[in-house]
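Descriptive structure summary
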Amino acid sequence: MITILLAEDDKSLRRLMTYHLEQNGYDVLQAQDGVEALKLLENHHVDLLISDVMMPEINGFELVKQ
């Protein structure tokens, strides 16, 4: 199964996107900021990262760089 990491600080948008992705057969890991996303990347195989650009702590650009 394809695993998607969704990094989004807006809780409602994160829940909505997760719902639709799961309805289409994807496994979704959720992160509320870049720091949490990096921790998930250390412990999980991820096929695709969907990231918000403007997040607290580590923004989407810095997340992708790291």
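Before reading further, recall that the structure is shown in the block above.
Rules used in this analysis
- Residues numbered from 1 in each chain as written.
- Predicted model: local features only at pLDDT ≥ 70, side-chain atom pairs only at ≥ 80, totals over all residues.
- Heavy atoms only, no water.
- Helix = DSSP H or I, 4+ residues; strand = E, 2+ residues; numbered from the N terminus.
- Buried < 20%, exposed > 50% of the residue type's maximum accessible area, 1.4 Å probe, protein only.
- Contact = heavy atoms within 4.5 Å.
- Patch = residues over 30% accessible without salt bridge, like charges linked within 9 Å, V, L, I, M, F, W, Y side chains within 5 Å.
- Areas by Shrake-Rupley, 256 points an atom, 1.4 Å probe, with all protein chains shown as cover.
- Salt bridge = Lys/Arg side-chain N within 4 Å of Asp/Glu carboxyl O.
- Arc of directions from axis to C-beta.
- Polar contact = N/O pair within 3.5 Å; in protein donor to acceptor, adjacent residues only side chain to side chain.

A few words on the environment of Y26. When you line up the elements, Y26 lands in the loop between α1 (11-23) and β2 (27-31). On the accessibility criterion, Y26 (31% relative accessible area) is partly exposed. Spatially, the C-alpha atom of Y26 lies 11 Å from that of V46, the residues being 20 residues apart in sequence. Setting aside residues no more than four positions away along its own chain, Y26 makes contact with M1, I2, I4 and L21.

Where nonpolar side chains cluster on the molecular surface, the patch consists of V53, M54 and F61 and spans about 350 Å² of accessible area. Along the polypeptide, F61 turns up in helix α3 (residues 60-65). When its relative accessible area of 56% is taken as the criterion, F61 is described as exposed.

Our focus in this paragraph is helix α2 (residues 34-43). Residues of α2 that are buried include every one of G34, A37, L38 and L40, and no others. Along the long axis of α2, the arc covered by the buried residues comes to 160°, so they all point the same way. Exposed residues lying more than 90 degrees from the buried face of α2 are K39, E42 and N43. Looking at the buried side of α2, the elements it contacts are β1 (3-7), β2 and α3. Sitting at the amino-terminal end of α2 is D33, which places a side-chain oxygen 3.1 Å from the backbone nitrogen of V35.

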